[in-house]
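Now for the letters of each chain:
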Amino acid sequence: MKPWPLKPTLLAISIAAAATLSISACKRSPTPDEAAPAATTAPVDETADQFIARVNQEMRATYKELSSAQWISSTYINGDSELIAAKANERWLTQLNGWIEQARRFEGKPMSAETARAMTLLKLMTAMPAPRDPAKLAELTKIATKMEGMYGSGKYCTDPNDEKSCRQLGELEDVLRSNRDYDAQLDAWRGWHTISKPMREDYVRFVQLVNEGAKDMGFADAGELWRAGYDMPPAQIAAETDRLWTQVKPLYEQLHCYTRTRLEATYGVGKGEVAGGMLPAHLMGNMWQQDWGNLWDLLQPYQDAGGLDITGALQRKFQQDYTAMLARHAGVPSPAELVEVDREAQLAMAKDMTGRAQDFYVSLGMPKLPDSYWEKTQFIKPRDRDVVCHASAWDMDMAGDVRTKMCIKPNEEDFTTIYHELGHVYYYLAYNKLPPIFQAGANDGFHEAIGDTIVLSMTPKYLESIGLVDAQQQTHEALINAQMRMALAKVAFLPFGLMIDRWRWGVFDGSIKPDQYNQAWWDLKAKYQGVAPVAERGEEFFDPGAKYHVPGNTPYTRYFLAHVLQFQFYKSLCDAAGWKGPLYECSFYGDKKAGDLYEAMLARGASQPWQKTLKELTGKERMDASAVLEYFAPLQEWLQQQNAGRSCGWNADGTTAATTTIDDDKGTRGQ
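Undergrad: When you look at the overall build of the protein chain in this model, what are you seeing that I'm missing?
TA: For the protein chain, the helix and strand inventory stands at 25 helices and nine strands. Compactness check: the protein chain gives a C-alpha radius of gyration of 24 Å against a globular reference of 26 Å for 671 residues, within 12% of the reference. Seen through its C-alpha atoms, the protein chain measures out along the principal axes to roughly 75 × 70 × 60 Å. Expressed as a percentage of the 671 residues in the protein chain, the buried residues total 62%. When the accessible surface of the protein chain is summed, it comes to about 24200 Å², and 51% of that surface belongs to carbon and sulfur atoms. If the 72 positive side-chain charges of the protein chain are averaged to one point and the 87 negative ones to another, these points end up 3 Å apart.

Laid out in structure tokens, this is it:
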């Protein structure tokens, strides 16, 4: 999603992103990558309430300039736009530091509850706390912009002297998505991970600078600042995420075991796993192993049960559009005309996919997107320049100028990603009436969960109703196929969503030293995900930087929380819609009662603690993963049967074989 400087975002999707997705990993959320003038001088007799009112006014007045600077830097990557973005960062951080310093006057003084909350949020408004020293602040913004630019323009060239041999992330992802040649996948995976090697030195300095900024604000380090944004003591969020992970880990372990068996059947025992029972990083269909949906051809439980080939349906629709557009040309089209027709068809397809996503939100009673959205959004990758393709959603002016930024292709991953990104957009539109400081998610996990809650409602029946898949037979085999399809995105993501910030928290607090960056990254991926590279990755590499959210400085715990919250939200909206059947069959598409309840939550923004907002929607103040287990209960039982008698689990040190045996009747045992 979009990195709105207050609080969101991908982004990359990514985000958008962002996700993104894959369930989209969106763009960084409370980062200050926009421009703003220095904070105005505080009036001597100003009260706390007046101070917050002034800050809100100044934020609103400068916001459009700030977001425009970041939009340009993401959609026109070059030296000029990097300079503009860096200076924008510098001005914004200077302004934010000024506000935070002025706020110190009111510590311990009486103020309204709303103002007290705004004071707290003001201090937590950035994921990139800047040092007070102007020279260091300028250095920080330059490094941040440079790293994001390096990621966005990253290429892997098999022949450095031949530009035609160079491939960007999207092309390399295509190899992992659809090419089952072991060596081709390994080459694409290794190739993308070369783009981050030059970032290491910059990232080391970046960490030093944001830690200094966090200490200036009273935090031990930048990681503690990130963890302070959850309406609870910073130390508690780690324990809270551990509790949630404990709930869902057995389900992930079952999926991991089944996947390893299928990979071994495809590539052979020697290639289908890594020592210790871990999964080979380059064979997971995704550059970061966060979404296994691209392995559907290998992991589909039943070949002739349920036709959920969304990618195939979208590509057939694209080909039909392309053929129809081509037929309008008299005679034999020239090469230039063929290129234009292809671009026209791509854009039409991307808008059609986006329109379908909009239709879901509108069916709940939410407004259509403004005309400006369709005019200003980046739907597909431009031909004439480098852009950050990581999916993201943007609120440009807090007054209805909302956009998404993607490089949409006709495949299932991008189709679900646009539903996700519009969740951010509708959150923006719902809370735009609040004061700027409160224009954020209840917590950052909420923002990422909104659109994914809609994705859960994209059941086979829904997909059938919009003509994307054929009529689905209601059989056990079709159910397991549908559940597997969802689990490869949702369940596979969970440990990845946890480990990235575990790595960064260690980097920020110094327990992970610069000369241990890569080793620690792979240690955590082994511990949580049970994945590993097939050959040692030494410290000459900087593999964390090959994931957008690291050079883009996007906190990632939000995505883990979102993958729990979305099931909680989904269950509550299904209840509101009066659904009585199994949870996994519920689609609240078209239900205005569910839509009203959802939009009411969106309109709260960050104006109250997230626990209160969560209770208003779900009846509970605590995040809970039980809905995840309820949703996937049929799949978990099926996986236990498939894994019966197999040696499952993995050893993160990679030295011995897996030690867990799955018993058909008793589940996991023999740890």
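Undergrad: So what exactly am I meant to see when it comes to unusual backbone geometry here?
TA: Note on backbone geometry: most residues besides glycine have negative phi, and most peptide bonds are trans. A positive phi is found at Asp231, a non-glycine position, where the angle reads about 50°. In this structure, Asp231 sits in the loop between helix H8 (222-227) and helix H9 (234-267). The class for Asp231 is partly exposed, based on a relative accessible area of 33%. Notably, Asn553 is not glycine yet its phi reads approximately 55°, a positive angle. Mapped onto the elements of the fold, Asn553 is located in the loop between strand E6 (531-532) and helix H21 (557-576). Among the residues examined, Asn553 registers a relative accessible area of 2% and is labelled buried.

Undergrad: Please explain the environment of Asp470 as it appears in this structure.
TA: Among the secondary structure elements, Asp470 is positioned in the loop between helix H17 (460-465) and helix H18 (476-490). The exposed category is assigned to Asp470, whose relative accessible area is 63%. For the pair Asp470 and Ala228, spaced 242 residues apart in sequence, the C-alpha separation works out to 48 Å.

Undergrad: When you look at helix H13 (residues 335-363) in this model, what are you seeing that I'm missing?
TA: Every α-helix winds through 3.6 residues per turn, so residues three or four apart in the chain are directed the same way. With 29 residues, H13 extends 42 Å between its outermost C-alpha atoms, agreeing within 8% with the 42 Å of an ideal straight helix rising 1.5 Å per residue. By the burial criterion, the buried members of H13 are Val341, Arg343, Ala345, Met349, Ala350, Met353, Thr354, Ala357, Gln358, Phe360, Tyr361 and Ser363. Turning to H13, the residues buried within the fold contact helix H12 (310-327), helix H14 (371-376), helix H15 (412-431), helix H16 (444-456), H17 and helix H22 (592-604). Within two residues after H13, Gly365 carries a phi angle of roughly 100°, on the positive side.

Calculation rules
- Residues numbered from 1 in each chain as written.
- Predicted model: local features only at pLDDT ≥ 70, side-chain atom pairs only at ≥ 80, totals over all residues.
- Heavy atoms only, no water.
- Helix = DSSP H or I, 4+ residues; strand = E, 2+ residues; numbered from the N terminus.
- Rg over C-alpha atoms; globule rule 2.2 N^0.38 Å.
- Buried < 20%, exposed > 50% of the residue type's maximum accessible area, 1.4 Å probe, protein only.
- Areas by Shrake-Rupley, 256 points an atom, 1.4 Å probe, with all protein chains shown as cover.
- Lys, Arg positive; Asp, Glu negative; His and termini not counted.
- Charge placed at Lys NZ, Arg CZ, Asp CG, Glu CD.
- Expected span 1.5 Å × (residues − 1).
- Contact = heavy atoms within 4.5 Å.

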